[in-house]
Amino acid sequence: MNNPYLLPALRLSPALMARLIERIDPALHDERLDPGRFTLREVLAHLADWEPILRARIEQGVAQPGSILVAYDEDERARSQRYAELSVEGSLRQWTVEREKTVALVASITREDFEHIVLHPERGPMSVADLAGFIPNHDLYHLEQISAYLPGATGSFDSVDRAH
């Protein structure tokens, strides 16, 4: 692996999220700060739900170079998986457990396998390194979103394309 920060970033995100959530009033867990984005509760459910999907994409890239990934509608998935009804604490625990599996997988990938290419229907060709590197970037997007719930927080960057 050429990126010395990838594994630490993958390991640290759930703990950083837990620290943020500790500082946020639970009464805000279902508050929608931006109509186009998830609530805090939904973010945690989303992260827990998507971790195995993102890991499976990496596994597919390693095992089946040249294959086509499945694209998902994240809003439809949020409805079908009932994100709004799930426990923040339970989702955080699930995400943490799933992330440990992702870290183990990424740590086991060979330099050659990181170069394998798959096709994402919306993003085009992506290497296994791209797929793995996407995860901490995705985390950062949602960590920033959750930081807006902190007492005294002001402003937030504009919503970006959330396509998975």
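This one's a predicted model, so the numbers in the text were calculated from it and none came from an experiment. (Residues numbered from 1 in each chain as written. Predicted model: local features only at pLDDT ≥ 70, side-chain atom pairs only at ≥ 80, totals over all residues. Heavy atoms only, no water.)

> I'd love a proper account of the pattern of salt bridges, names of residues and values included.
By the definition in use, this model includes 11 salt bridges. Salt-bridge contacts for E22 lead to R23; the nearest nitrogen and oxygen are separated by 3.8 Å. Just as E22 is exposed, R23 falls in that class too. Of the charged contacts, one joins E144 and R37 as a salt bridge, the two residues approaching to 3.7 Å between their closest N and O atoms. In this pair, E144 is assigned in helix 6 (residues 128-147) and R37 in the loop between helix 1 (6-22) and helix 2 (40-63), connecting sequence segments 107 residues apart. As far as burial versus exposure is concerned, E144 and R37 are alike and both buried. (Salt bridge = Lys/Arg side-chain N within 4 Å of Asp/Glu carboxyl O. Buried < 20%, exposed > 50% of the residue type's maximum accessible area, 1.4 Å probe, protein only. Helix = DSSP H or I, 4+ residues; strand = E, 2+ residues; numbered from the N terminus.)

> Would you mind going over the nonpolar core in detail, with residue names and values included?
Within the largest apolar cluster, 39 residues are counted, with the highest numbers of intra-cluster contacts made by M17, L44, I58, V106 and I146. Of all elements in the fold, only helix 1, helix 2, helix 4 (88-108) and helix 6 reach the threshold of two or more residues within this core. For this core, the leading source of residues is helix 2, giving 10 residues. Filtering out sequence-adjacent residues up to four positions away, L44 remains in contact with M17, I21, V88, S91, L92 and W95. (Core = buried A, V, L, I, M, F, W, Y, C linked by side-chain atoms within 4.5 Å. Contact = heavy atoms within 4.5 Å.)

> Go over the packing of helix 1 against helix 6, please, and point to the residues and values.
Following both chains from N to C, one finds helix 1 and helix 6 inclined at 20°, their axes separated by 10 Å at the closest point. With respect to helix 6, the axis of helix 1 lies roughly parallel. At the point where helix 1 passes helix 6, the crossing takes the left-handed sense. Within the contact between the two elements, helix 1 uses L6, A9, L10, S13, L16, M17, L20 and I21 and helix 6 uses A132, G133, I135, P136, D139, H142, L143, I146 and S147. Looking at the contact of helix 1 with helix 6 residue by residue, the classes come out as 12 nonpolar, 4 polar and 1 charged. (Axes fitted to C-alpha atoms, helices over the stretch in contact; angles between N-to-C directions. Parallel < 35°, antiparallel > 145°, perpendicular 65-115°, else oblique. Left-handed = near helix turned anticlockwise from the far one by under 90°. Nonpolar A, V, L, I, M, F, W, Y, C, P; charged D, E, K, R; others polar.)

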